[in-house]
Amino acid sequence: MNERPSERVTNGSVGGSTGVTRRRLLAGGAAVAVAGLSGCLGTRDGAVPAPEVTSDRIDDGWRRFDESESTVFEQSYGPVTVTALEHTTVYEYASVAEALSESFDASGSPVIFFATRSDIRPAIDSLPVGIGRDRLMAEVETAAVDAFRSQLSASGIEDAEIVDEGTSTVRSGHTATTWQLEGEFVFDGAVPLPDGSTTSLNETVEIESRLGVWHDGTDVLVAGGAYPAEPITETIDEALPSLIDAETLLDELADEETREALATDPATFDEEISALLISVE
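This write-up is about the structure you can find in this document. The structure displayed is predicted, hence computed values, not measured ones.

Procedures and definitions
- Residues numbered from 1 in each chain as written.
- Predicted model: local features only at pLDDT ≥ 70, side-chain atom pairs only at ≥ 80, totals over all residues.
- Heavy atoms only, no water.
- Axes fitted to C-alpha atoms, helices over the stretch in contact; angles between N-to-C directions.
- Helix = DSSP H or I, 4+ residues; strand = E, 2+ residues; numbered from the N terminus.
- Parallel < 35°, antiparallel > 145°, perpendicular 65-115°, else oblique.
- Contact = heavy atoms within 4.5 Å.
- Nonpolar A, V, L, I, M, F, W, Y, C, P; charged D, E, K, R; others polar.
- Patch = residues over 30% accessible without salt bridge, like charges linked within 9 Å, V, L, I, M, F, W, Y side chains within 5 Å.
- Areas by Shrake-Rupley, 256 points an atom, 1.4 Å probe, with all protein chains shown as cover.
- Salt bridge = Lys/Arg side-chain N within 4 Å of Asp/Glu carboxyl O.
- Lys, Arg positive; Asp, Glu negative; His and termini not counted.
- Charge placed at Lys NZ, Arg CZ, Asp CG, Glu CD.
- Buried < 20%, exposed > 50% of the residue type's maximum accessible area, 1.4 Å probe, protein only.

### Some remarks on the packing of helix α4 (residues 232-239) against helix α5 (residues 246-253)
Two quantities define a packed helix pair, namely the angle between the helix axes and the distance between the axes.
So, point 1. The interhelical angle for the contact between α4 and α5, taken along N-to-C directions, is 105°, at an axis separation of 9 Å. One element, α4, and the other, α5, form an angle in the roughly perpendicular class. Mapping the contact onto sequence places T233, I236 and D237 in α4 and A246, L249 and L250 in α5.
So, point 2. Considering only residue class, the contact of α4 with α5 consists of four nonpolar, one polar and one charged.

Right under this line is the structure:
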């Protein structure tokens, strides 16, 4: 986490294996909206390129654990058949995911980042006049938020709701519509206690997340991520019996890297995800 973002995503005044479909970002009716934004500069042949995360931060602690390429939409508009193709990559913060799995036998990943590139074929200039760009822009943004909720759910994050909306200039110079959401991650695991017994952990971790959608002149790019609103160690501490605290437990169960991962300040993850989001091309 050594690169500082040249520009953070900020809230506005208004308030990620080929063929894997559960990670698909844009599906069904969402693709109609994407059609209004993609392919404005012409039609690409062949596979849709993976979205590129240009920030060096993606190589420092993040692990790609899912990727999909799929046809998400095909519909005729008069004589023209429009096809929407997408390529999505999904990353998790490896040390947090491993800490939860190895130390507490817990599933899910509360710190994730994903990026999607969507390509519409043929170009928008070939579509009938009746499809308005402004209306479709609003539709694709709504669809992106709904799909982001599904993406979060696949990682164990539920009940994500919008708490703020704004805009940000991404590194490529384009303007993204951005949202901040809040949701919940159920931390469900078990830990051994000093007396030889085991106690169950079933606590709700508050989650904050960011999402951005923009058109780069050729494709629609969508990127977002999520992270705990407080250090996970605080949640563990609240769930443990009074005879032991999280610090003492983790000293016995985990190595230094694991302890540091679980104690990470939310501001660090917010900075990380904000920098990754604006770097997608």
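### Focus: the side chain of T177
So, point 1. Along the chain, T177 turns up in strand β5 (residues 175-192).
So, point 2. Not counting residues within four places of it along the chain, the set of residues in contact with T177 comprises E141, E165, G166, L211, G212 and V213.

### Quick look at a negative patch on the surface
So, point 1. There is a patch of like negative charges on the surface, built from E234, D237, E238, D245, E247 and D265.
So, point 2. No other element matches the three residues that α4 contributes to the negative patch.
So, point 3. If you trace the backbone, E238 turns up in helix α4.

### With respect to the pattern of salt bridges
So, point 1. If you walk through the whole model with that rule in mind, you get eleven salt bridges.
So, point 2. Between R57 and E271 there is a salt bridge, with its nearest N and O atoms 3.1 Å apart. Here R57 is found in the loop between α1 (30-35) and β1 (62-77), whereas its partner E271 is found in helix α7 (residues 266-279), with 214 residues between them in sequence. Across the pair, exposure class does not vary: R57 and E271 are buried alike.

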